[in-house]
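Report on the structure
Chain by chain, the residues run as shown.
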Amino acid sequence: MEESQDIEFKERWNDENLKTLCAFANGNGGVLFLGIRNDGTPVGVENPEELLETLPNKIRNNLGIVPDITLETLEGKKVIRIEIKSYEIPVSYRGRFYVRSGSTTQEISGYDLAKIIMKKLQISWDSLLSEAGIEELDEVSVE
């Protein structure tokens, strides 16, 4: 197993991981493993029971989503698996939006953000056209 569009490894928890979880929610979903090095080597986590208690609330309070968090054993090491499904509405972290690009997490804004929102809401640019008539056009602006 290696890092990809929908898999991320972290040796330990820090709140920057919330950006990756946000990106998973805005994409096709994904899994963040705590207690695994970037090269895929399990190292385990300290205090897994405490993390199982605190992480669900931290994720819900910061992202507004409910993760599926489980404790697993890989090569004799305890690791935490945080699975995030794809959400139907855009998810933000501290007012910013993130997506996955390959095995990286990227902040998006502007046109890319508009595309994500429209995709999530299943609307197109064409559907946003108003039914304005020629009488609503400003002659000065047209010139």
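The structure we're discussing is the one just above.
What this report covers is the structure whose coordinates are included nearby. (Residues numbered from 1 in each chain as written. Predicted model: local features only at pLDDT ≥ 70, side-chain atom pairs only at ≥ 80, totals over all residues. Heavy atoms only, no water.)

**A closer look at the layout of surface pockets**
Each pocket or cavity is described by its volume, and for the largest pocket that value is around 180 Å³. Surrounding the largest pocket, Gln5, Asp6, Ala23, Phe24, Asn26, Gly27, Asn28, Gly29, Val99, Arg100, Ile116 and Lys119 form its lining. If you list the elements that add at least two residues to the lining of the largest pocket, you get α1 (17–26), β6 (96–101) and α3 (110–121). Among the elements that take part in the lining of the largest pocket, α1 stands out by supplying 3 residues, more than any other. Per-class residue counts for the lining of the largest pocket are 4 nonpolar, 5 polar and 3 charged. (1 Å grid on protein atoms, 1.4 Å probe; cavity = no way out; pocket = protein on both sides within 12 Å on 5 of 7 lines; lining within 4 Å. Points joined across faces, edges and corners; volume = space filled by probe spheres on them. Helix = DSSP H or I, 4+ residues; strand = E, 2+ residues; numbered from the N terminus. Nonpolar A, V, L, I, M, F, W, Y, C, P; charged D, E, K, R; others polar.)

**Side note on the pattern of salt bridges**
By the definition in use, this model includes 8 salt bridges. Across the pair Glu16 and Lys19 runs a salt bridge whose closest N-O atoms are separated by 2.8 Å. Taking the relative accessible area as the measure of exposure, Glu16 reaches 46% and is therefore partly exposed. With its nearest N and O atoms 3.5 Å apart, the salt bridge here joins Glu72 to Arg81. A single salt-bridge network, built from bridges that share partners, covers Glu8, Lys10 and Arg100. (Salt bridge = Lys/Arg side-chain N within 4 Å of Asp/Glu carboxyl O. Buried < 20%, exposed > 50% of the residue type's maximum accessible area, 1.4 Å probe, protein only.)

**Concerning the packing of aromatic side chains**
Applying the stated rule across the entire model yields 1 aromatic pair. Taking 6.0 Å as the distance between ring centres and 55° as the angle between the ring planes, the aromatic pair formed by Phe9 and Phe33 counts as tilted. With Phe9 in strand β1 (residues 7–10) and Phe33 in strand β2 (residues 30–34), the pair connects residues that are 24 residues apart, well separated along the chain. The same class applies to Phe9 as to Phe33, namely buried. It is Lys85 that lies over the ring of Tyr87; its NZ or CZ is 4.9 Å from the centre. (Phe/Tyr/Trp six-rings, centres within 6.5 Å; stacked < 30°, edge-to-face > 60°. Lys NZ or Arg CZ within 6 Å of the ring centre and 35° of its normal.)

**A word on the sheet that holds strand β5 (residues 92–93)**
Across the sheet, 3 strands lie side by side as β5-β6-β7; this open sheet has antiparallel pairing. Every other strand in the sheet has two partners, leaving β5 and β7 (104–108) as the edge strands with one partner each. (Pairing = 2+ DSSP bridges.)

**Points about the nonpolar core**
Counting residues in each nonpolar core, the largest one holds 23 residues, and the members touching the most others are Leu21, Ile59, Leu63 and Ile82. At the level of secondary structure, the elements contributing two or more residues to this core comprise α1, β2, α2 (48–63) and β4 (77–84). Those residues in contact with Ile59 that sit more than four places away from it in its chain are Leu18, Leu21, Gly64, Ile65, Pro67, Ile69 and Ile82. (Core = buried A, V, L, I, M, F, W, Y, C linked by side-chain atoms within 4.5 Å. Contact = heavy atoms within 4.5 Å.)

**Examining α3**
An ideal rise of 1.5 Å per residue puts 16 Å on 12 residues; α3 measures up with 17 Å between its terminal C-alpha atoms. Along α3, the residues that are buried comprise Leu113, Ile116, Met118 and Lys120. Lining the buried residues of α3 we find α1, β6 and β7. (Expected span 1.5 Å × (residues − 1).)

**Overview of the sheet that holds strand β3 (residues 68–74)**
With mixed pairing, the 4 strands of this open sheet are ordered in space as β1-β2-β4-β3. Strands with a single pairing partner mark the edges of an open sheet, and in this sheet they are β1 and β3. Each neighbouring strand pair of the sheet contributes to a mean axis angle of 25°, computed without reference to strand direction. The sheet contact formed by β1 and β2 spans 4 bridges and is parallel. In the strand pairing of β2, Phe9 is matched with Phe33. (Axes fitted to C-alpha atoms, helices over the stretch in contact; angles between N-to-C directions.)

These values are about where atoms sit, not about what they do.
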